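If you want the building blocks of each chain, they are given just below.
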Amino acid sequence: FIELRARFSRDATLFHDDPALGGEPTGKSSTALMGDIVHLPEGEVELDFDILAAAPIERVELFNGKALVQTIRPYREADLGPRIRVIWEGATYRGRAREVIWDGTATFAGATIGDARPINFLNPDKTLDRVGTNGLAWQALTTGNLGGFEVLLDGGEDGRLQLTTPLVAFELPLAEIGLEDRVFAGDGPLPRHITVNRLPAENPHRRLVQSRRITLRPDGDNPLYLRSTLEDGTRAWTSPIYVFR
């Protein structure tokens with residue numbers, strides 16, 4: 001369940017049809033719902049959202065069109081624990097022949113893997129396998145979606161993550177993995193990358209209710225929407241609220 005609303009510091013003009021195509025105003029309002037088109041010549045915008053999910057919420061991202069404007073997590077840096085999340089995503093092209101092969105290995109040198117969990121391994125022929133006490137090997141692909149894994153480590157504060165795939169390979173000190181994503185990008189016409197970040201050992205947050213102020217562009221449309229990512233790999237987008245100056 002996701003609810004997204006906009007609140008305006010001044011009344012905005014509502015349109016049921018696109019004013020650029022001749023739509024006429026239908027009234028004034030200080031709020032807007034998903035799908036609404038509003039003209040707000042002056043004033044501020046607050047986005048209110050309420051998310052209720054069947055799996056823990058990993059993050060919520062607020063967008064203005066294609067631009068990511070805020071990332072919100074239900075936990076803080078001080079809450080982080082020994083859980084590391086590795087996510088690969090992307091596509092090679094739009095349309096056919098878009099597969100990205102992510103077959104690879106990871107070694108957590110100086111640490112021991114207590115538990116490992118695959119994320120979005122939707123094909124039963126693609127598996128995540130343990131290699132010794134501190135290694136993993138897998139077969140995986142994406143076609144624009146995301147996949148990956150989480151590990152719960154024992155020790156390894158001074159250890160290193162060594163990861164290799166056909167597209168991206170890197171080595172990263174475990175002490176440098178924190179709340180914010182470490183992004184390792186591959187070449188190509190479309191974004192293809194691996195992100196690494198740290199999570200709390202347990203994340204109880206399946207509901208998130210917040211308000212955030214959004215800065216509007218002075219010209220043109222501002223399609224405001226959010227994308228939520230759950231720990232099980234599920235993603236959900238809202239429809240935009242269209243605000244123009």
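Here, the structure is the one placed above.
Only a predicted model underlies this, so the values are computations on that prediction, with no experimental measurement involved.

Draft legend 1. Seen up close, the overall build of the protein chain. When helices and strands are counted, the protein chain shows 0 helices and 22 strands. Looking at the 245 residues of the protein chain, the share that counts as buried comes to 47%. In the protein chain, once contacts between residues fewer than 6 apart in sequence are set aside, the share between residues at least 24 apart is 69%. For the protein chain, the accessible area works out to roughly 12,400 Å², and carbon and sulfur atoms hold 49% of it. On the protein chain, the mean spot of the 28 positive side-chain charges and the mean spot of the 35 negative ones are 1 Å from each other.

Draft legend 2. Layout of the pattern of salt bridges. Per the stated rule, a full pass over the model turns up 18 salt bridges. Here Arg59 ties to Glu58 by a salt bridge, and the two come within 2.8 Å at their closest N and O atoms. A relative accessible area of 9% places Arg59 in the buried class. By relative accessible area, Glu58 is classed as buried at 2%. In this structure, the salt-bridge partner of Arg83 is Glu231, at a minimum N-O distance of 3.0 Å. One end of the pair, Arg83, is in strand β7 (residues 83–90); the other, Glu231, is in the loop between β20 (221–230) and β21 (235–237), with 148 residues separating them in the sequence. Under the relative-accessibility criterion, Glu231 is labelled buried at 7%. Where salt bridges share partners, they join Glu58, Arg59, Arg73, Glu180 and Asp181 into one cluster.

Draft legend 3. Up close: the side chain of Asn203. Considering the arrangement of structural elements, one finds Asn203 in the loop between β18 (192–199) and β19 (207–214). A polar atom in the side chain of Asn203 sits 2.9 Å from the backbone oxygen of Ile57. Within the structure, the side chain of Asn203 is placed 2.9 Å from the side chain of Glu231, a separation counted as a polar contact. Among residues more than four places away in sequence, those in contact with Asn203 are Pro56, Ile57, Pro74, Tyr75, Arg83 and Glu231.

Draft legend 4. Expanded view of the layout of surface pockets. In this structure, the largest pocket spans a volume of roughly 710 Å³. Residue lining of the largest pocket: 32 residues in total, with Glu61, Glu89, His193, Arg227 and Arg235 positioned closest to the centre. Those elements that place two or more of their residues in the lining of the largest pocket are β5 (57–64), β6 (67–72), β7, β18, β20 and β21. For the lining of the largest pocket, the class distribution of residues is 10 nonpolar, 11 polar and 11 charged. Of the volumes computed, that of the second largest pocket is approximately 220 Å³. When residues of the lining of the second largest pocket are traced back to their parent elements, those giving at least two are β10 (112–119) and β14 (146–154). A per-class count over the lining of the second largest pocket returns 5 nonpolar, 1 polar and 7 charged.

Draft legend 5. Structural view of the sheet that holds strand β12 (residues 135–138). Sheet architecture is open: 5 strands sit in the order β11-β12-β9-β15-β16, paired in antiparallel fashion. One side of each edge strand has no neighbouring strand; the edge strands of this open sheet are β11 (128–131) and β16 (169–173). Going across the sheet, the axis of each strand differs from the next one's by a mean of 15 degrees, ignoring polarity. Sheet topology places strand β9 (residues 104–109) next to strand β15 (residues 160–164); 5 bridges connect them, and they run antiparallel.

Rules of the game
- Residues numbered from 1 in each chain as written.
- Predicted model: local features only at pLDDT ≥ 70, side-chain atom pairs only at ≥ 80, totals over all residues.
- Heavy atoms only, no water.
- Helix = DSSP H or I, 4+ residues; strand = E, 2+ residues; numbered from the N terminus.
- Buried < 20%, exposed > 50% of the residue type's maximum accessible area, 1.4 Å probe, protein only.
- Contact = heavy atoms within 4.5 Å.
- Areas by Shrake-Rupley, 256 points an atom, 1.4 Å probe, with all protein chains shown as cover.
- Lys, Arg positive; Asp, Glu negative; His and termini not counted.
- Charge placed at Lys NZ, Arg CZ, Asp CG, Glu CD.
- Salt bridge = Lys/Arg side-chain N within 4 Å of Asp/Glu carboxyl O.
- Polar contact = N/O pair within 3.5 Å; in protein donor to acceptor, adjacent residues only side chain to side chain.
- 1 Å grid on protein atoms, 1.4 Å probe; cavity = no way out; pocket = protein on both sides within 12 Å on 5 of 7 lines; lining within 4 Å.
- Points joined across faces, edges and corners; volume = space filled by probe spheres on them.
- Nonpolar A, V, L, I, M, F, W, Y, C, P; charged D, E, K, R; others polar.
- Pairing = 2+ DSSP bridges.
- Axes fitted to C-alpha atoms, helices over the stretch in contact; angles between N-to-C directions.

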